[in-house]
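Remarks on the overall topology
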Amino acid sequence: MMPTTQRFYSMLFLLSLLQIIVKSSSTNAHSPPNDGEGPSSLVADFVIVGGGTAGCVLTTRLCQELKGARIVVLEQGEERNEEEDLVTRALGLIGDLFSFYEPLMVLHPTEPNPSLFDVETGSFGRSIGMYEVKSMGGSSNVAFQWELPVEGTYESWGFDGLDSDTAHYYFNKVIKRLKPQQPPKELQHTYQKEFLNAYAAAGFDVLDTSGPLGSAGKTAYTNVLIANDKGERNTAWTAYLRPAIENECKHNVEIIQGAFVTDILVDHNDPSKVSGIKYSKDGSTKTILANKEVILSAGPYGTPRLLQVSGIGDRQVLAKAGVTSVKADLPVGLQTIVRPLGFVTASYQNPPLMPENNLSYWRTEETIDQFKEGKGGPLGVGFSAILGKFGDIAYHGMGSTVIGLPNVPIIGGGCILNAKSTGNVTIQRSDPHTPLTIHSNLMDGEDFGNMIQCASAYNDLLLSFPESFGMQLLNQDPNDPATLTQYLAAVTATSWHMVGGARSGSVIDGTSFKVYGFENLRVCDASAIPSLPVSAGPVSSVYVLSELFSEKLVSEYHHELGHKPKQTAEGKKNARNKNHDMGKKSKDSGRNGNMDNYKEKKEETYGHNYGGGKEYSHN
């Protein structure tokens, strides 16, 4: 029988999780526009669908290197207001995003998962809510941990030019932009030292930093955050594209926000080529024509959806949805992988309530002003204090900021599993505004056993804290392993990592990133990744993939578009009127050499300082 206090915290915890991970079947999918159709007003060399992580990186590299190219980026999210921008910048406001922040997110409920128990219905078959970020920077507005996958991950993906060795080169390029670092002492969790000591007592190797690419085993270290030393998140928008369009790319990039792309236009004279896209905005439909390429970077939901509604997908799926014109019969959306997140928590009884658990401490007008003034403070403290790997089964984190449970003395985190089970993402009808059908098949097959293995080790970790903490596992009996299985079935959700909807080798060619059957339709985003990065989140790998692909495109088009075009007098006048307040042009960061130079000077470029005087090395 659990003590009364523990039962109370257990009930609070389960109620909080239900609010976060058990969403209703309704969705805020896009409302269809009016039937009115506007004129075809734009022609571009490159049309990039999606202003997320990949879209921002690709646009930045292309506009910096191909000065003669005109690039149009379409992003479904509207321009952020001040409050929305604050939520994406402050690490301490991650709870808003994780609890479904509607202005910046689309909710995609899944079909029932047979392995997940639904507390509300008392039966198996629980649906979960999958989140899609709709804003410039995409999922990089939510990502906060910088973690590299286990060695050998990239060799299995089938992208020409990407392996564990060449990945170092691309990581270096990304790190120079994002500047990930361990937080300074004033922005670390109150019991940071006690966390690390508990890991050591539980048999984990405690490292100074995340260690080299390929570091597996049971490891733990102070989290490396994608943020500055004031706790302000760096994203693909703030670190890549925004500085570029304010400076060297102000003349050759156009960004259209609030644009929902509805169709890929196939050339009537040559079905192996696409001619552009259609999009809806403000109740009207418009067309953009592409002289060179249409690049899909719409993410794990947007890219499969757009391909399928455009007639590119599995013939049976398209027929069922009412898509009568099949442009290419490809397994789009049929081999997706969603990553499970198994929550494991415990209440502490004796130490004072940590400020990170105290809502009245860290979210006030004073702390908001403190953060806005660039002084860090509580809103600059990351959600997770510790990160590490559990071999090739999962990676894990620990923190004292438990989303949805303010003012409750809880320490927890969980196992972020390297899932193997596959599902699918398909359209229901040919109307692009119709909600998707998503089978995540979370925790099927061997995944459930692997989650139990990881969570069991995490239980041991939580019980390795000093006796003075009085740690008590929530909703589990440490002497009855069956309660762990029941608990995981009831609370396991997702980290919202999904890959595989347009995977390399099945839907796109891993050398050119071209969709099979097309000469100028390419995909670069998480949907192109065929399997989850082993023991790491996908964001670092999406950055790497985007750097690789942009180099391929620059190499392909540099002779034709690498010059800066001459501007007419009228063009110069219009540019001055449009950009007079952009400020002084900053130094072009440019490209950091090429692979040939890199291989010659490999040893000179591996070092990275992640804060606290600790030198990080990829070696």
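These numbers were taken from a predicted model, which means no experiment stands behind them. (Residues numbered from 1 in each chain as written. Predicted model: local features only at pLDDT ≥ 70, side-chain atom pairs only at ≥ 80, totals over all residues. Heavy atoms only, no water.)

**Side note on the overall build of the chain**
Each helix and strand counted, the chain has 16 helices and 25 strands in total. A total of 619 residues make up the chain; the buried ones form 60% of that total. For the chain, contacts bridging at least 24 residues in sequence account for 76% of all contacts bridging at least 6. Carbon and sulfur atoms form 48% of the exposed surface of the chain, whose accessible area is close to 24,200 Å². (Helix = DSSP H or I, 4+ residues; strand = E, 2+ residues; numbered from the N terminus. Buried < 20%, exposed > 50% of the residue type's maximum accessible area, 1.4 Å probe, protein only. Contact = heavy atoms within 4.5 Å. Areas by Shrake-Rupley, 256 points an atom, 1.4 Å probe, with all protein chains shown as cover.)

**Brief notes about the confidence of the model for the chain**
Chain-level statistics for the chain give a pLDDT mean of 85 and a share of 82% at 70 or above. Here residues 7-15 scores under 50 on pLDDT; set against residues more than four positions off or in separate chains, the count is 19 contacts. Counting contacts from residues 17-40, a segment whose pLDDT is below 50, to residues more than four positions away or on other chains yields 64 contacts. (pLDDT = per-residue confidence, 0-100.)

**Thoughts on the packing of aromatic side chains**
Taken as a whole, this structure holds 16 aromatic pairs when the rule is applied. Ring plane angle 75 degrees and centroid distance 5.4 Å describe the contact between Tyr191 and Phe469, whose orientation is recorded as edge-to-face. Of the two residues, Tyr191 sits in the loop between helix 5 (166-178) and helix 6 (192-201) while Phe469 sits in the loop between helix 12 (446-462) and strand 21 (472-473), which places them 278 residues apart along the sequence. A residue is classified by how much of its surface remains accessible, and Tyr191, at 12% relative accessible area, is buried. (Phe/Tyr/Trp six-rings, centres within 6.5 Å; stacked < 30°, edge-to-face > 60°.)

**Looking at the environment of Glu186**
Of note, Glu186 is situated in the loop between helix 5 and helix 6. Counting along the chain gives 195 residues from Glu186 to Val381, while the straight-line C-alpha distance between them is 8.7 Å.

**Observations regarding the pattern of salt bridges**
Going through the model one piece at a time under the given rule, you end up with 16 salt bridges. A salt bridge links Asp160 to Lys552; the shortest N-O distance between them is 3.8 Å. With Asp160 in the loop between strand 6 (129-133) and helix 5 and Lys552 in helix 14 (residues 539-561), the pair connects residues that are 392 residues apart, well separated along the chain. (Salt bridge = Lys/Arg side-chain N within 4 Å of Asp/Glu carboxyl O.)

**Here we look at the state of the cysteines**
Evaluated as defined, the whole model comprises two disulfides. Two residues, Cys63 and Cys249, share a disulfide whose sulfurs are 2.0 Å apart. The S-S bond linking Cys63 to Cys249 shows a torsion near 85 degrees; that makes this disulfide right-handed. Of the two residues, Cys63 sits in helix 2 (residues 53-65) while Cys249 sits in the loop between helix 7 (236-245) and strand 9 (253-257), which places them 186 residues apart along the sequence. Grouping residues by exposure puts Cys63 and Cys249 together as buried. Disulfide pairing places Cys415 opposite Cys454 at an S-S distance of 2.2 Å. (Disulfide = S-S within 2.5 Å.)

**Focus: the nonpolar core**
With 174 residues, the main nonpolar core has Leu74, Trp146, Leu307, Met398, Ile411, Leu462 and Leu521 as its most contacted residues. The leading source of residues in this core is helix 14, at 11 residues. Discounting residues that sit within four places of it in the chain, Leu307 has contacts with Ile264, Leu296, Ile312, Val332, Ala502, Val507, Val515 and Leu521. (Core = buried A, V, L, I, M, F, W, Y, C linked by side-chain atoms within 4.5 Å.)

**Concerning the side chain of Thr60**
Tracing the backbone through its elements, the reader meets Thr60 in helix 2. Leave out the neighbours within four places in its chain, and Thr60 touches Arg177, Tyr240, Leu241, Ala244 and Cys249.

**Points about the side chain of Asp118**
By the element assignment, Asp118 lies in strand 4 (residues 113-118). Buried and unpaired, Asp118 has no salt bridge, with Arg126 as the nearest side chain of opposite charge at 5.8 Å. Within the structure, the side chain of Asp118 is placed 2.9 Å from the backbone nitrogen of Glu120, a separation counted as a polar contact. Among residues more than four places away in sequence, those in contact with Asp118 are Ser123 and Arg126. (Lys, Arg positive; Asp, Glu negative; His and termini not counted. Polar contact = N/O pair within 3.5 Å; in protein donor to acceptor, adjacent residues only side chain to side chain.)

**As for helix 14**
Maximum bend of helix 14: about 40 degrees, positioned at Ser555. A large share of helix 14 lies buried, amounting to 17 of its 23 residues. (Bend = angle between axes of the 7 residues up to and from the residue.)

**Let's talk about unusual backbone geometry**
One non-glycine residue, Asn441, lies in positive phi territory at about 50 degrees. Tracing the backbone shows Asn441 in the loop between strand 20 (436-439) and helix 12. Not every positive phi belongs to a glycine, and Phe513 is a case in point at roughly 70 degrees. Position of Phe513 among the secondary structure elements: in the loop between strand 22 (493-499) and strand 23 (521-523).

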